[in-house]
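A structural walkthrough
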Amino acid sequence: MTEERWLDEDAGPIVPAYLLTRGRTVPASEAIDLIAVIITAGGLAMPVGLNPEHLIILQQCTKPTRLVDVAAELNLPIGVVRVLVGDLHAQKLVEVEKPPPRPTRR
């Protein structure tokens, strides 16, 4: 692979999305629904040692935000964001509110 393939003049270095999760496809804490609501659980101080994407999620979710909206804002695949949010949830840095159950036909 050449250096040119991983560099974009406008954007800078390009990192494949799966590298953000180190190849993981399943969230660390639990299955997170696409329309689950994510909210930052901690105070205003940002934890040390997190990836930039984790920090962006924490900043974006100070107000309740749906997982799909987080993925759209980050411009990342939903599976990658699911894993990143799972990491934060496992560290108790975000809360994940499951969507209400679907209504029955009755």
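Owing to the predicted nature of the structure, the values given are computational and were not obtained by experimental measurement.

Cut-offs applied
Residues numbered from 1 in each chain as written. Predicted model: local features only at pLDDT ≥ 70, side-chain atom pairs only at ≥ 80, totals over all residues. Heavy atoms only, no water. Buried < 20%, exposed > 50% of the residue type's maximum accessible area, 1.4 Å probe, protein only. Helix = DSSP H or I, 4+ residues; strand = E, 2+ residues; numbered from the N terminus. Arc of directions from axis to C-beta. Pairing = 2+ DSSP bridges. Core = buried A, V, L, I, M, F, W, Y, C linked by side-chain atoms within 4.5 Å. Contact = heavy atoms within 4.5 Å.

What follows covers helix α2 (residues 52–60). Turning to α2, its buried residues number three or more, namely Glu53, His54, Ile57 and Leu58. The arc that holds every buried residue of α2, seen down its axis, measures 140°, which confines them to one face.

A few words now on the sheet that holds strand β5 (residues 94–97). The sheet built from 3 strands is open, its strands ordered β4-β3-β5 with antiparallel pairing. Unpaired on one side and paired on the other, β4 (65–66) and β5 mark the two borders of the sheet. In this sheet, β4 lies alongside strand β3 (residues 37–40) in antiparallel orientation, the contact comprising 2 bridges. Along β4, the bridge assignment pairs Val37 with Arg66.

Among the nonpolar cores identified, the biggest contains 20 residues, and Ile32, Ile38, Ile57, Val81, Val85 and Leu88 are the most heavily contacted of them. Looking at this core, the element that brings in the most residues is helix α4 (residues 78–90), giving 5 residues. The contacts of Leu88, once residues within four sequence positions are left out, are Leu50, His54, Ile57, Leu58, Leu93 and Val94.

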